[in-house]
Amino acid sequence: MRRTLYDKLVDAHQVCDLPDGDMLIYVDFHIMNEYTSPQAFSGLDTKALSVWRPEAHLAVVDHVNATRSDEPHDAASKLLIDNLEDNCTKHDIAFYGLGDPRQGIEHVVVPEQGLVTPGMLIACGDSHTTTYGAYGALGFGIGTSEVEHVLATQTLRYKRMKTMRVMIDGETAPGVTAKDIIMKVVQVVGAGGANGFAVEFAGSAIQSLDMAGRMTVCNMAVELGARAALIAVDEVTEAALQGHAHSGQFAFEGENWMSDPEAVFDKEVTIAGSDIEPLITWGTSPDQSVPITANVPVASDYVSPKAKAALDRSLKYMGLTEGQSAQSIKIDTAFIGSCTNSRIEDLREAAKILEGRRVAVGIEAIVVPGSAMTRIKAEAEGLRAIFEAAGFEWRPEAGCSMCLAMNDDIAMDGERVASSTNRNFEGRQGRGARTHLMSPAMVAAAAVAGHLADVRGFT
Amino acid sequence: MKDQKMIKTIKGVAAPLPLANVDTDVIMPKRFLITITREGLADGTFADLRFDNAGGPRPEFILNKTPWTKANILVVGDNFGCGSSREHAVWGMRQLGIDACIGTSFAGIFYDNARKNGLALPIISPETRDLLLQAAGNGTEITIDLNGRRLTTGNISAPFEMDDATQTALIQGRNDTLDTLEHADAIRDYEAGLNSEMRVSVNK
């Protein structure tokens, strides 16, 4: 029987079949944050249940905390942070809180701590848990009721998904990053195109990415609807497993954690690496993107009245006119951060563009390193000095910050942000805020130019 | 929940919400998420669509217009519920009185969250959806028969898709956590088969 990597992972974690057609799958490792877990813990209390296996969970503060200091910025966020710490103390769960040298964005912290390894099944109350597919691990986001379920049973009720392979072969051009690759996939497959699918990324353009790039790709797979994203294990993966706090503690042997050569996928998508350019989003869905050298669409590009209406709505929200060139879009703010693009590799890419340059007059530019460890490493490498010399504000604490504006980093109504994040939804970065997604290097280029700009002109 | 009453049919006024890719940030904006309870989320639901910056109702939004102010069903665009995993979106919709959301496709996490909270998500073809959008726009009531997996309104009668486990959960009501603990022996057996390197233990 030839199996896909996804099927091998599900098979290895199946506990039993359930009478209604679902199965129980075993969760090796579960991560929690302060905003999707409180009601799960209170659910345990209501039912008088205990945590099945406390050592298999990690709680990290990242969504609501301020990144200007290690003190909560208001009483409401303090309540959430304290609540998580109290719950972890009560149930004997590892807690990496504010001020802890291991704290940071959960999906940056976990690989940094060596807590992900091929063959593992990881759940977390956060949609970007698909990130761990970069390691050949099955990671997926869950809701709060499911967080309670994992805490109490170490399992989830699960229904096997269909499989899709996205093959990206060929070399990508200079200036094209992992972010552009996944933004291209979202554009081609569509924002809901992979609903019901587990997606495996393959091909030479994927294999040639480093782990940070692979994580960026798998992270944003949820923006095409994929509930799981996977990349086969190779020597790049193996090399990344060494040298972390938990390295050597876990291994999931027994499978090779790659799809068998003749495994059949339910759907195949092929994209030529050479077709990918640096992209920016112009609209309010991550699939609404164009190359930086192109123009915002015009109504006549679309046939159906529904599509024309959607274009109109997006343009109106974004304050753009149809057909205007991408590079004519002036920005107010530049933000580098998030679980998609705040790793040391991302900061290096942006710093390359910023070295010897200055942020344009009137632009607010912020960089929030993904974790305390990332920040310290970046400072030691001299990256902080480059960002600050260029006029970026270097945040001393780690967190999601302006990616979803749950802390005090909230963009104003109409404020236009060049952002290295993952979602350009209406109101995502603040009520009425206008988000343009792009790679960290492209954010740096936009900050310097004062408008969206082609990173290839900044060498 | 086990004490929830059995629901086999959902009937009521349906509001058309044809936008594609309505995400959970739009369903429940982040300023309503700073909470440790499940309660008090009705006002936050679709807040930026329902209310203007001053907090007044936007008269042009469908749920602010008669008869849809009393809608308990939504007919929605493709890929509804995409984005963030926040279950607050579903809690809020339930607290606003929404019992069902009919559409062509839903994001996976949203779909699972809905099932946990008794929100029915019948899946239909794009053609049926367009007919239902029209019917809903006329204020016609829709009836959803969960047992027979069939929708009716006026002279439209169409089947819908819903997986067996979700159908059972909606009709019988269920407490997944407690039900799963009935399989505790199977979980222990599985764990007994794991070697020590497969037992994650996080450094404190």
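Numbering of residues starts from 1 in every chain and runs along the sequence as written. Labels are handed out in written order, letters beginning with A for the chains and numbers beginning with 1 for the ligands. Where local features are concerned, this predicted model is filtered to residues with pLDDT of at least 70; where side-chain atom pairs are given and counted, the filter is 80 or more; whole-chain, interface and lining totals use all residues. The side-chain figures draw on all heavy atoms in the structure; neither hydrogens nor water molecules are used.

Asker: Got a minute to help me understand the overall build of chain B in this structure?
Answerer: Along the backbone of chain B there are 8 helices and 6 strands. Secondary structure elements follow DSSP: runs of H or I no shorter than four residues count as helices, runs of E no shorter than two count as strands, and numbering proceeds from the N terminus. Beginning at the N terminus, the succession of helices and strands in chain B can be written as β-α-α-β-α-β-α-α-β-β-β-α-α-α. The buried share among the 204 residues of chain B stands at 55%. Throughout, a contact is declared for two residues whenever any of their heavy atoms are within 4.5 Å. Long-range contacts, defined here as pairs at least 24 residues apart, represent 66% of the contacts in chain B between residues at least 6 apart. Only the protein chains shown count as cover for residues, with accessible areas throughout obtained via the Shrake-Rupley method and a probe of 1.4 Å. Of the roughly 8400 Å² of accessible surface on chain B, a fraction of 50% belongs to carbon and sulfur atoms. The charge count treats Lys and Arg as positive and Asp and Glu as negative. His and the chain ends do not count. Charge coordinates come from a single atom per side chain, which is NZ of Lys, CZ of Arg, CG of Asp or CD of Glu. Each charge sign in chain B was given a centre, from 22 positive and 26 negative side chains, and these centres are 4 Å apart. Residue exposure (1.4 Å probe, protein chains only): buried if accessible area is under 20% of the type maximum, exposed if over 50%, otherwise partly exposed.

Asker: What am I meant to see in the sheet that holds strand 9 (residues 162-169) of chain A here?
Answerer: Backbone hydrogen bonds are what pair the strands of a sheet, in a parallel or an antiparallel way. Residue and element names in this part refer to chain A. Read from one edge of the open sheet, 4 strands run 11-10-9-12, paired in parallel fashion. Strands at the two margins of the open sheet, each flanked by one partner only, are strand 11 (228-230) and strand 12 (267-272). Strand-to-strand twist across the sheet, computed as the mean angle between neighbouring axes with direction ignored, equals 20°. Pairing of strand 10 (residues 197-202) with strand 11, which is carried by 3 bridges, proceeds in the parallel orientation. For Glu200, the partnering residue across the bridge sits in strand 11 and is Leu230. Two strands are counted as paired when DSSP detects at least two bridges linking them. Interaxial angles span 0 to 180 degrees and are taken between N-to-C directions of axes, which are lines fitted to C-alpha atoms, for helices over the stretch in contact.

Asker: Explain the interface of chain B and chain A to me, please; I cannot follow it from the model alone.
Answerer: A common measure of how large an interface is: the accessible area buried when the components associate. Counting residues at the interface gives 69 residues for chain B and 80 residues for chain A. For any pair of parts, buried area is found by adding up, for both, the accessible area (1.4 Å probe) each one loses once the two are put together. The largest share of the area that chain B buries against chain A comes from B:Ile36, B:Tyr190 and B:Val200, three residues that together contribute 12% of it. Salt bridges are defined as contacts in which a side-chain nitrogen from Lys or Arg sits within 4 Å of a carboxyl oxygen from Asp or Glu. Inspection of the chain B/chain A interface yields 8 salt bridges. For the purposes of these results, a polar contact is taken to be a pair of N or O atoms within 3.5 Å, where, inside protein, one atom must be able to donate a hydrogen and its partner to accept one; residues adjacent in sequence count only when each atom of the pair is a side-chain atom. At the junction of chain B with chain A, the criterion picks out 33 residue pairs in polar contact (both at pLDDT 80 or more). Looking at the side of chain B that touches chain A, the elements with two or more residues in it are helix 1 (24-27), helix 2 (47-50), helix 3 (88-95), helix 4 (108-116), helix 5 (126-137), helix 6 (164-172), helix 7 (176-181) and helix 8 (184-192) of chain B. Amino acids are sorted into nonpolar (Ala, Val, Leu, Ile, Met, Phe, Trp, Tyr, Cys and Pro), charged (Asp, Glu, Lys and Arg) and polar (every other residue, Gly among them). The residue inventory of the side of chain B that touches chain A, partitioned by class, reads 24 nonpolar, 20 polar and 25 charged.

Asker: Where do I start with the sheet that holds strand 3 (residues 29-32) of chain A in this structure?
Answerer: Residue and element names in this part refer to chain A. Strand order in the open sheet formed by 5 strands is 5-4-3-6-7, and the pairing between neighbours is parallel. Each edge of the open sheet is held by one strand with a lone partner, namely strand 5 (94-96) and strand 7 (138-141). Shown here is a sheet whose adjacent strand axes are inclined to one another by a mean of 20°, direction ignored. Of the pairings in the sheet, the one linking strand 4 (residues 57-60) to strand 5 comprises 3 bridges and is parallel in character. Opposite Ala59, over in strand 5, you have Phe95 as the bridge partner.

Asker: Got a minute to help me understand helix 6 of chain B in this structure?
Answerer: Note on helix geometry: an α-helix contains 3.6 residues per turn, so any two residues three or four positions apart are oriented the same way. All names here are of chain B. Within helix 6, burial applies to Ala165, Thr166, Gln167, Ala169, Leu170 and Ile171. Against helix 4 lie the buried residues of helix 6. With a side-chain oxygen positioned 3.2 Å from the backbone nitrogen of Ala165, the residue opening helix 6 is Asp163. Looking one or two places after helix 6, you find Gly173, whose phi comes out positive at around 70°.

Asker: Even after reading the chapter, I still don't get the domain arrangement of chain A, so can you show me in this structure?
Answerer: Residue and element names in this part refer to chain A. Splitting chain A by domain gives domain 1 (5-268) and domain 2 (279-454). Taken together, the contacts link 41 residues of domain 1 with 42 residues of domain 2. When the two sides are added together, the surface that domain 1 and domain 2 hide from each other amounts to roughly 3500 Å², 56% of it contributed by carbon and sulfur. Between Arg68 and Asp408 there is a salt bridge whose closest N-O contact spans 3.1 Å. Where domain 1 touches domain 2, the interface holds 25 residue pairs in polar contact (both at pLDDT 80 or more). Elements with a contribution of two residues or more to the side of domain 1 that touches domain 2: helix 4 (106-112), helix 6 (178-189) and helix 8 (211-219). The element best represented in the side of domain 1 that touches domain 2 is helix 6, accounting for 6 residues. Residues belonging to the side of domain 1 that touches domain 2 are distributed by class as follows: 14 nonpolar, 17 polar and 10 charged. Where each domain starts and ends follows an automatic or database-derived domain assignment.

Asker: How should I be thinking about helix 14 (residues 440-449) of chain A in this particular structure?
Answerer: Residues and elements named next belong to chain A. Summarising burial for helix 14: 9 of the 10 residues are buried, a large majority. Of all the residues in helix 14, the buried ones are Pro440, Ala441, Met442, Val443, Ala444, Ala445, Ala446, Ala447 and Val448. Buried residues along helix 14 sit against strand 13 (279-281), strand 15 (333-336), helix 11 (344-354) and strand 18 (416-419). In the segment just after helix 14, Gly450 is the residue with positive phi, at about 85°.

Asker: Looking at this structure, how should I read the packing of helix 2 (residues 38-47) of chain A against helix 3 (residues 75-91) of chain A?
Answerer: Each packed pair of helices is defined by two parameters, the angle between the axes and the distance between the axes. Residues and elements named next belong to chain A. Where helix 2 contacts helix 3, the two axes come as close as 10 Å, and the packing angle between them is 40°. With respect to each other, helix 2 and helix 3 are oriented oblique. The way helix 2 lies across helix 3 gives a crossing that is left-handed. Of the residues in helix 3, those in contact with Pro38, Phe41, Leu44 and Asp45 of helix 2 are Leu80, Asn83, Leu84, Asn87, Lys90 and His91. By residue class, the composition of the contact of helix 2 with helix 3 is 5 nonpolar, 3 polar and 2 charged. Each angle gets one of four labels, with under 35 degrees taken as roughly parallel, over 145 as roughly antiparallel, 65 to 115 as roughly perpendicular, and the rest as oblique. With the far helix as reference, a near helix turned anticlockwise by less than a right angle produces a left-handed crossing, and one turned clockwise produces a right-handed crossing.

Asker: So what exactly am I meant to see when it comes to the pattern of salt bridges here?
Answerer: In a structure, side chains of opposite charge can pair up when their charged atoms sit close to one another. Residues and elements named next belong to chain A. Across all of its chains, the model carries 48 salt bridges over all chains by this definition. The residue Asp100 makes a salt bridge to Arg102 at a minimum N-O spacing of 2.9 Å. Grouping residues by exposure puts Asp100 and Arg102 together as buried. Linking Asp409 and Arg395 is a salt bridge whose minimum nitrogen-to-oxygen distance equals 2.6 Å. Placement of the pair is Asp409 in the loop between strand 17 (393-394) and strand 18 and Arg395 in the loop between strand 17 and strand 18, with a sequence separation of 14 residues. Connected via shared salt-bridge partners are Arg3, Asp7, Asp11, Arg160 and Glu255.

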